[in-house]
Amino acid sequence: MKKLVFATNNKHKLEEIRSILAGRIEVVSLSDINCYDEIPETADTLEGNALIKARYIYERYQMYCFADDTGLEVDALDGRPGVYSARYAGEGCSFADNVNKMLRELEGVAEPRRAAFRTVIALIDESGEHLFEGRVAGDILTAAEGTGGFGYDPIFRPEGYQASFASLGDEVKNRISHRARATEALAEYLLAQA
């Protein structure tokens with residue numbers, strides 16, 4: 001089974017990716033390779049940030065790796081927060097801070113409040129750098145619902161469903177999410193190389 005480092009310090013993302021790739025690709029964490037660095041995300045695109053993180057690990061550890069960056073793009077906010085989704089409410093903010101800021105900014109905006117989650121994965125392997133993208137469209141709810149997931153999951157309802165990501169549960173989310181779609185594209189590529 002192919003082994004890859006996932007360049008993230010986010011334990012929720014690590015669990016989600018490991019679950020999606022279970023039995024197909026062994027995913028190694030940064031702590032597994034004794035990397036405890038805070039990798040800077042200074043690009044102004046998801047693609048740029050994913051590449052920064054993957055290159056950082058590859059250049060320092062000479063290990064094949066992948067990294068992702070995810071953004072929530074809200075139509076009524078002209079595509080914001082996008083690349084700044086994780087720190088929308090400011091540096092060091094919590095998931096709840098980001099959710100609350102978004103709900104405040106969308107007060108009075110009529111439903112449906114269209115949005116899309118987008119994930120870009122950058123992979124560095126023996127043949128170079130590769131990008132994979134996953135996207136899921138949906139709506140922003142007027143109030144948080146559900147206790148599962150993380151980030152904006154309590155206020156994002158994917159298209160075709162009547163509940164938020166946080167209410168749908170990990171099994172459904174890991175099958176239909178933006179990260180699942182990007183990860184499936186990554187897996188298809190890796191398995192074709194095997």
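Just above, that's the structure.
None of these values were measured; they are calculated from a predicted model.

Novice: Before we move on, could you go through the packing of aromatic side chains and cite the residues and values that matter?
Specialist: Scanning the entire structure with this criterion turns up seven aromatic pairs. Here Phe 6 and Phe 66 contribute two aromatic rings whose centre-to-centre distance is 4.6 Å and whose plane-to-plane angle is 10°, an arrangement assigned as stacked. Linking Phe 6 in strand S1 (residues 2-6) with Phe 66 in strand S3 (residues 65-74), this pair joins segments that are 60 residues apart in sequence. The exposure class assigned to Phe 66 is buried, which follows from its relative accessible area of 0%. Taking the centre distance of 6.4 Å and the plane angle of 5° together, the rings of Tyr 58 and Tyr 64 count as stacked. Residue classification places Tyr 64 among the partly exposed positions, given a relative accessible area of 32%. Among the aromatic residues, those joined into a ring-pair cluster are Phe 117, Phe 156 and Phe 165. Over the face of the ring belonging to Tyr 56 we find Arg 60, whose NZ or CZ atom lies 3.6 Å from the ring centre. Its guanidinium or amino end placed over the ring of Tyr 88, Lys 101 lies 4.5 Å from that ring's centre, counting from NZ or CZ.

Novice: Can you lay out the side chain of Asp 153 for me, pointing to particular residues and giving the numbers?
Specialist: If you trace the backbone, Asp 153 turns up in the loop between strand S6 (128-140) and strand S7 (156-158). For Asp 153, a relative accessible area of 2% puts it in the buried group. A distance of 2.6 Å separates the side chain of Asp 153 from the side chain of Lys 173, its partner in a polar contact. The contact partners of Asp 153, leaving out residues within four places of it in the chain, are Phe 117, Gly 148, Ser 164, Phe 165, Ala 166 and Lys 173.

Novice: With reference to specific residues and values, describe the pairing of S6.
Specialist: As paired strands, strand S5 (residues 114-125) and S6 are joined by twelve bridges and run antiparallel to one another. Pairing of Thr 119 across the sheet is with Gly 134, part of S6. The turn joining S5 and S6, which pair antiparallel and follow one another in sequence, is formed by two residues.

Novice: Quick rundown of the pattern of salt bridges? Include the residues and the values.
Specialist: Scanning the model with the defined rule gives 18 salt bridges in all. As a salt-bridge pair, Arg 18 and Asp 32 come within 3.2 Å of each other at their nearest N and O atoms. Residue Arg 18 is located in helix H1 (residues 11-21), and its partner Asp 32 is located in the loop between strand S2 (25-28) and helix H2 (46-61); the two are separated by 14 residues in the primary sequence. Note on Arg 18: relative accessible area 35%, which makes it partly exposed.

Novice: Tell me about helix H6 (residues 178-193), and name the residues and values.
Specialist: The end-to-end C-alpha separation of H6 is 23 Å, in line with the 22 Å expected for 16 residues at 1.5 Å each. For H6, the set of buried residues is His 178, Arg 179, Ala 180, Ala 182, Thr 183, Leu 186, Ala 187, Tyr 189 and Leu 190. Structurally, the start of H6 carries an N-cap: the backbone nitrogen of Arg 179 is 3.3 Å from a side-chain oxygen of Ser 177.

Novice: So what's going on with unusual backbone geometry? Which residues, and what values?
Specialist: The peptide bond linking Arg 80 to Pro 81 adopts the cis configuration, its omega dihedral lying at 0°. Along the chain, Glu 111 connects to Pro 112 via a cis peptide bond; the corresponding omega equals 0°. Residue placement: Pro 112 occurs in the loop between helix H3 (95-105) and S5. Despite not being glycine, Asn 34 shows a phi value in the positive range, around 60°. Relative to the assigned elements, Asn 34 resides in the loop between S2 and H2. Phi at Gln 62 is positive, roughly 50°, even though this residue is not glycine.

Conventions used here
Each chain carries its own residue numbering, running from 1 in the written order of its sequence. Restriction of local features to residues with pLDDT of at least 70 applies here, the model being predicted, together with a cutoff of 80 or more for giving and counting side-chain atom pairs; totals for whole chains, interfaces and linings are based on all residues. To obtain the side-chain values, all non-hydrogen atoms of the structure were used and water was disregarded. Pairs were defined over the aromatic rings of Phe, Tyr and Trp, the Trp ring being its six-membered one, requiring ring centres within 6.5 Å. Orientation was assigned from the angle between planes: stacked under 30 degrees, edge-to-face over 60, tilted for the rest. Segments assigned H or I by DSSP are reported as helices when at least four residues long, segments assigned E as strands when at least two residues long, and all are numbered from the N terminus. The classification of residues rests on relative accessible area computed with a 1.4 Å probe and restricted to protein chains. Under 20% of the type maximum is buried, over 50% is exposed, and intermediate values are partly exposed. Distance and angle both matter: a charge sits over a ring if NZ of Lys or CZ of Arg is within 6 Å of the ring centre and within 35 degrees of the ring normal. By the criterion applied in these results, polar contacts are pairs of N or O atoms within 3.5 Å in which, for protein atoms, one can donate a hydrogen and the other can accept it, and in which residues neighboring in sequence qualify only through two side-chain atoms. Contact criterion: two residues are considered in contact whenever any of their non-hydrogen atoms come within 4.5 Å of each other. A strand pair is defined by DSSP finding two or more bridges across the two strands. Should a side-chain nitrogen of Lys or Arg be within 4 Å of a carboxyl oxygen of Asp or Glu, the pair is scored as a salt bridge. One fewer than the residue count of a helix, multiplied by 1.5 Å, yields its expected span.

Just distances and angles here, no functional claims.
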